Amino acid sequence: MSIKIPRLSNTADTGDLFMQNEQMQTTETQVLKQLMQLEDLAEKKVKIYSRLLTDPSLSGDMERLALLHESRKERLSFLIFGEKKNKKGQGMSKTNEEGEEK
């Protein structure tokens, strides 16, 4: 998968600068989403390799590498969506106004 970044035109009009800024933000978001997809794919592949390897040391290395890819994917998700997504089965506890758990 290659990442393509479109070129923006060189204009000095304020309206055009606003449009270029929006285009750049859209392009940056697209690139971050592509990176997140690549990290997801790398994480999945490394997890598979960790299960297939017979050497426990290499298997452990692959599991640690999978955790690194997962961490990168979560950071990219935070950059794209602006909030931390909960993992399956790990919901955040709800708190009342005083900060106490319900």
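Anything mentioned here points back to the structure above.
A few points on the structure. Quantities reported herein were computed from a predicted structural model and do not represent experimental measurements.

1. Observations regarding the overall build of the protein chain
(1) Moving on: A tally of regular secondary structure across the protein chain gives 2 helices and 0 strands.
(2) Moving on: Scored against the burial criterion, the 102 residues of the protein chain give a buried share of 16%.
(3) Moving on: Taking the intrachain contacts of the protein chain between residues at least 6 apart in sequence as the baseline, contacts between residues at least 24 apart amount to 45%.

2. Let's talk about the pattern of salt bridges
(1) Moving on: If you walk through the whole model with that rule in mind, you get 5 salt bridges.
(2) Moving on: With a closest N to O distance of 3.2 Å, Asp-40 and Lys-44 form a salt bridge. With Asp-40 and Lys-44 both in helix α1 (residues 14-52) and 4 residues apart, the pair spans about one turn of that helix.
(3) Moving on: A salt bridge links Asp-61 to Arg-64, with the nearest nitrogen and oxygen atoms 2.3 Å apart. In this pair, Asp-61 and Arg-64 both sit in helix α2 (residues 56-81), 3 residues apart, roughly one turn of the helix.

3. Concerning the environment of Lys-47
(1) Moving on: By secondary structure assignment, the location of Lys-47 is in helix α1.
(2) Moving on: Between the C-alpha atoms of Lys-47 and Glu-63, which are 16 residues apart in sequence, the distance is 6.2 Å.

4. Some thoughts on the environment of Met-36
(1) Moving on: Looking at the element boundaries, Met-36 is found in helix α1.
(2) Moving on: On the basis of relative accessibility, which here comes to 18%, the residue Met-36 falls in the buried class.
(3) Moving on: For the pair formed by Met-36 and Glu-70, sequence separation is 34 residues and the distance between their alpha carbons is 9.5 Å.
(4) Moving on: Excluding anything up to four places from it in sequence, Met-36 contacts Lys-73, Leu-76, Ser-77, Ile-80 and Phe-81.

5. Considering α2
(1) Moving on: The end-to-end C-alpha distance of α2, which contains 26 residues, comes to 37 Å, matching closely the 38 Å that a straight helix rising 1.5 Å per residue would cover.
(2) Moving on: Of all the positions in α2, only Ser-59, Gly-60, Ala-66, His-69, Glu-70, Leu-76, Ser-77 and Ile-80 are classed as buried.
(3) Moving on: The backbone nitrogen of Ser-57 has a side-chain oxygen 3.0 Å away, supplied by the residue at the start of α2, namely Asp-55.
(4) Moving on: A positive backbone phi angle near 80° is found at Gly-82, which sits one or two residues after α2.

About the thresholds
Residues numbered from 1 in each chain as written. Predicted model: local features only at pLDDT ≥ 70, side-chain atom pairs only at ≥ 80, totals over all residues. Heavy atoms only, no water. Helix = DSSP H or I, 4+ residues; strand = E, 2+ residues; numbered from the N terminus. Buried < 20%, exposed > 50% of the residue type's maximum accessible area, 1.4 Å probe, protein only. Contact = heavy atoms within 4.5 Å. Salt bridge = Lys/Arg side-chain N within 4 Å of Asp/Glu carboxyl O. Expected span 1.5 Å × (residues − 1). Polar contact = N/O pair within 3.5 Å; in protein donor to acceptor, adjacent residues only side chain to side chain.

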